[in-house]
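Structure assessment
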Amino acid sequence: MNLPDPLDRHALAELARDVAEQAGRLIVQGRPDRLEVSSKSSRRDIVTEMDQRAQDALCEALAAARPDDAILGEEQGGRPGTSGLTWVLDPIDGTVNYLYGLSPFSVSVAVVEGDPTTWGRWSPLAGAVVIPPVGLTYLATLGGGAMVQDAHGAREVRASSATELSMALVATGFAYGAELRCVQTRAFVEIIPKVRDIRRTGSAAADLCWVADGRLDGYFEAGLHAWDVAAGQLIATEAGAVLHGLGDEVPNGELYAMSAPGISADFAALLRSAHRSS
Ligand code: IPD
């Protein structure tokens, strides 16, 4: 497949940003007083009517702009394509925060090449994450760096210069299933004495953006899907952060981690030993 040239990637990132910002406005301004909620893989894994409405709006806008590309979203409704590119969407990442009126929740839109249903078989070319409660929009293109836009304008983002794991602020998240949560909790107990502290923000996409701009030094989680991370991954790696999994494997559902370059070797070793003994 011929990869889109850098100029096209820039146009793809702008499209990702525009549709994500539109969806961000929809979920904030269109939120009804009484939100309809149903459950997915477990009673804790929920989808609100606004997740579906935002995904439908994203699909409509992307299909109109890029009719040959496939779409894979967290919620129902996607489409096959012929171009070799797939838009990977999380219309509300942090749905539980959104339901409870907490921050952050985000809209994540990435365009990837490869097969985003299988870990290790896809890579992002462009992406954007909008975090409406804090007014931040992050975007990146492969090889073109990562930026954040806020009320004051746009600036390039860089991962933190942390070098000492014991002083690193890291984030994590927990799966919806009780069994995986128990494994994650056992690993957590091994990790927390070795770092400055751990945050659980509730949005994997926001966590990755905050590793990208140095608000966090690292992030790890198990049980994720491509739609949680595709855009944030590109934003963080373009900002100089290091992507890692368990050992030499590519990051996957078993462990997905991102950290500042100065702590990545120590963080990866800690995560490996914590998860192997869990
Ligand atoms: C969830 C969030 C959360 C993470 C969960 C994800 P959703 O996404 O990213 O931070 O811990 O693993 O499933 O369900 O709100 O789109």
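Here, every reference points to the structure presented above.
Remember, it's a predicted structure, so these values are computed and weren't measured experimentally.

To continue, consider empty space enclosed by the protein. Scanning the entire structure with this criterion turns up one cavity of 30 Å³ or more. The calculated volume of the largest cavity comes to roughly 40 Å³. Going through the elements one at a time, α4 (178–191) and β12 (218–221) are the ones with two or more residues in the lining of the largest cavity. Sort the elements by how many residues they give to the lining of the largest cavity and α4 lands first, with three residues. Of the residues assigned to the lining of the largest cavity, the class counts are five nonpolar, four polar and one charged.

Let us look at the layout of surface pockets. Each pocket or cavity is described by its volume, and for the largest pocket that value is around 570 Å³. Forming the walls of the largest pocket are 33 residues, and the residues nearest its centre are Asp-45, Phe-174, Tyr-176, Glu-221 and Asp-228. Sorting the residues of the lining of the largest pocket by element identifies β4 (85–93), α3 (95–100), α5 (204–212) and α6 (226–238) as the ones contributing at least two each. Each of domain 1 (9–156) and domain 2 (165–277) accounts for three or more of the residues forming the lining of the largest pocket. Around the second largest pocket, the lining comprises 13 residues; the ones closest to its centre are His-10, Leu-139, Gly-144, Gly-145 and Met-147. A per-class count over the lining of the second largest pocket returns five nonpolar, five polar and three charged.

Quick look at the packing of α5 against α6 now. Where α5 contacts α6, the two axes come as close as 8 Å, and the packing angle between them is 5°. Looking at the two axes, α5 sits roughly parallel to α6. Residues Ala-204, Ala-205, Leu-208, Cys-209 and Ala-212 of α5 form the contact with α6, whose own contacting residues are Asp-228, Val-229, Gly-232, Gln-233, Ile-235 and Ala-236. Across the contact of α5 with α6, the residue classes tally to eight nonpolar, two polar and one charged.

Attention now moves to the site of the ligand. Taken together, the neighbourhood of the ligand is formed by 16 residues, with Asp-93, Gly-94, Thr-95, Tyr-176 and Glu-221 sitting nearest. At 3.0 Å from an oxygen atom of the ligand is found a side-chain nitrogen or oxygen belonging to Arg-200. A distance of 3.0 Å separates an oxygen atom of the ligand from a polar backbone atom of Gly-202. When the ligand sits alone it has 370 Å² of accessible area, and the protein chains cover 95% of it. In this structure the site holding the ligand corresponds to the largest pocket. The element contributing the most residues to the shell around the ligand is β4, with three residues. Partitioning the shell around the ligand into residue classes produces five nonpolar, five polar and six charged. Counting residues domain by domain, the shell around the ligand receives three or more from each of domain 1 (9–156) and domain 2 (165–277).

This part covers helix α2 (residues 49–65). Over its 17 residues, α2 extends 25 Å from the first C-alpha to the last, a length consistent with the 24 Å expected when each residue adds 1.5 Å. If you check which residues of α2 are buried, you get Met-50, Asp-51, Ala-54, Gln-55, Leu-58, Cys-59, Leu-62 and Ala-63.

Counting residues in hydrophobic clusters, the biggest one holds 39 residues, and the most contacted among them are Tyr-138, Trp-210, Tyr-219 and Ile-235. For this core, the elements supplying multiple residues, two or more each, are β5 (106–114), β6 (122–131), β7 (136–141), β8 (145–150), β10 (169–172), α5, α6 and β14 (256–259). Structurally, this core is a two-domain feature, drawing no fewer than three residues from each of domain 1 (9–156) and domain 2 (165–277). When sequence neighbours within four positions are dropped, the list of residues in contact with Tyr-138 reads Gly-127, Ala-128, Val-129, Ile-131, Met-147, Val-148, Val-157, Cys-209, Trp-210, Asp-213, Arg-215 and Ile-235.

Calculation rules
- Residues numbered from 1 in each chain as written.
- Predicted model: local features only at pLDDT ≥ 70, side-chain atom pairs only at ≥ 80, totals over all residues.
- Heavy atoms only, no water.
- 1 Å grid on protein atoms, 1.4 Å probe; cavity = no way out; pocket = protein on both sides within 12 Å on 5 of 7 lines; lining within 4 Å.
- Points joined across faces, edges and corners; volume = space filled by probe spheres on them.
- Helix = DSSP H or I, 4+ residues; strand = E, 2+ residues; numbered from the N terminus.
- Nonpolar A, V, L, I, M, F, W, Y, C, P; charged D, E, K, R; others polar.
- Domains from an automatic or database assignment.
- Axes fitted to C-alpha atoms, helices over the stretch in contact; angles between N-to-C directions.
- Parallel < 35°, antiparallel > 145°, perpendicular 65-115°, else oblique.
- Contact = heavy atoms within 4.5 Å.
- Near = heavy atom within 4 Å.
- Polar contact = N/O pair within 3.5 Å; in protein donor to acceptor, adjacent residues only side chain to side chain.
- Areas by Shrake-Rupley, 256 points an atom, 1.4 Å probe, with all protein chains shown as cover.
- Sits in = over half its atoms within 2 Å of the grid points.
- Expected span 1.5 Å × (residues − 1).
- Buried < 20%, exposed > 50% of the residue type's maximum accessible area, 1.4 Å probe, protein only.
- Core = buried A, V, L, I, M, F, W, Y, C linked by side-chain atoms within 4.5 Å.

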